[in-house]
Amino acid sequence: MLLINSFLFCGFVCIIAQIILDNTKLTPGHITSLFVVIGAFLDSFSFYDKIIKVVGGGALVPITSFGHSLIHGALAKTHEYGILGILMGMFDLTATGITAAIIFAFLFSLVFKPKN
Amino acid sequence: MYEIKKIGNTKNGDTMKNQKYELIAKDHQAPNPRLKNAIIAFIAGGLVGLLGEGIIELLCYYTHISRSSAGTIMIVILIFVASLSTALGFFDKLVTKFKCGLLIPITGFAHSMTSAALDYRKEGPIYGLGANIFKLAGSVILYGIIAAWFFGMVRFLLGGRI
C-alpha cells in the first residue's frame, strides 16, 4: 500500500512541477527553490509529517522533503537549546544528503570528463 | 501559415536573413505537447518515488534497521546513482526525456551539483570547481534555509514545537 501511495504522491509532485514548467516562464531552478520553500511551509504546521506517515518513502524523495527536514531538525533542537536551536539544528537531518552530494560530485568530477 | 514580421533595417542590413531564419526556425521547432509531458513526468516521478519506498522496504526486510535510517541510506543510494549516471553522461538524455520527473526528486539536486562540478573543473580547483559547484544547487540550499529559518521562528514564537 505504501508503494502505491509513494508512486502517486511523488508523481503528483512531479506533475505539478511539469505543469508549472510548461505554462510559465519559470526555469527548473525556480521550481526546485519554490518547492523547497513549500516543503518548509508545510512542515511548519507538521502537515508534512502526516504526509510521510501516510506515504512513506515516496514523500522523502521529492525536493520538498529537503525543506521539511531543514525545519524539522531546527525545531527538534529548540527543545534543548531554545531559540538558538533553530540555528544549531538546521542541518541535522539534511546533512547526509548534502554531504553525500558534495562528496560524490567532487569524486566523480575528478575521475570523469564532461561528455559534451 | 507564415507570418511575415516587419523588421526595420538593422545596422548590418541583415533583415532578410533574420526574417528567413525566424521562419525556418519556427517551422522546425519541435512540438511541445503539454499533456504528454505532464503524464511522462507523473509516471517517471512516480517510479522514482516507488523505487525509494522499495529500497526502504528491502533494507528494513533484510537488515532489520530502523525505518528512518533506511530512509537515509535510500537518499544516499539515489544520490549516488544520479551522480554516477550524470558523470557517465546519460542522465542528461534522461532529463530531456522525462523532465520534471527526474529534476524534482533528490536526483535532480545531485545531478545539478555533479554537472556543475564536471563543467567547471577545467577552470581550476578553487575558482573553477570550488566556486561553481553550488552554482545550481546553491539556490535550493539558500532559499531552503531562509524559508526554514523564517517558518521555524514563526512556529517557535507562536509556541508550537514538534
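Scroll up for the structure.
Predicted, not measured: the structure shown is a model, and the values here were computed from it. (Residues numbered from 1 in each chain as written. Chains lettered and ligands numbered in written order. Predicted model: local features only at pLDDT ≥ 70, side-chain atom pairs only at ≥ 80, totals over all residues. Heavy atoms only, no water.)

Taken together, the side chains of A:Y81, A:I83, A:L84, A:L87, A:M88, B:W149, B:F150, B:V154, B:L157 and B:L158 define a hydrophobic patch exposed on the protein surface, amounting to about 1,100 Å² of accessible area. Elements with a minimum of two residues in the nonpolar patch: α5 (85–88) of chain A together with α8 (138–157) of chain B. Top element by residues in the nonpolar patch is α8(B). It accounts for four residues. Inspection of the secondary structure puts A:Y81 in helix α4 (residues 64–81). A:Y81 gets classed as partly exposed once you look at its relative accessible area, which sits at 41%. (Patch = residues over 30% accessible without salt bridge, like charges linked within 9 Å, V, L, I, M, F, W, Y side chains within 5 Å. Areas by Shrake-Rupley, 256 points an atom, 1.4 Å probe, with all protein chains shown as cover. Salt bridge = Lys/Arg side-chain N within 4 Å of Asp/Glu carboxyl O. Helix = DSSP H or I, 4+ residues; strand = E, 2+ residues; numbered from the N terminus. Buried < 20%, exposed > 50% of the residue type's maximum accessible area, 1.4 Å probe, protein only.)

Glancing now at unusual backbone geometry. Positive phi outside glycine occurs at A:S46, with the angle close to 60 degrees. Position of A:S46 relative to the elements: it lies in the loop between α2 (28–43) and α3 (47–55). Backbone geometry places B:H64, a non-glycine residue, at a positive phi of 55 degrees. By secondary structure assignment, the location of B:H64 is in the loop between α2 (34–63) and α3 (67–88).

Before going further, it helps to spend a moment on the interface of chain B and chain A. With 67 residues of chain B at the interface, the matching set in chain A holds 69 residues. Around 5,700 Å² of area is buried between chain B and chain A when both sides are counted, 79% of it from carbon and sulfur atoms. At the level of elements, α2, α3, α5 (100–103), α6 (106–120) and α8 of chain B are the ones that each hand at least two residues to the side of chain B that touches chain A. Of the residues forming the side of chain B that touches chain A, the biggest block, 17 residues, is contributed by α2(B). Partitioned by chemical class, the residues of the side of chain B that touches chain A number 42 nonpolar, 16 polar and nine charged. (Contact = heavy atoms within 4.5 Å. Buried area = accessible area lost by both parts, 1.4 Å probe. Nonpolar A, V, L, I, M, F, W, Y, C, P; charged D, E, K, R; others polar.)

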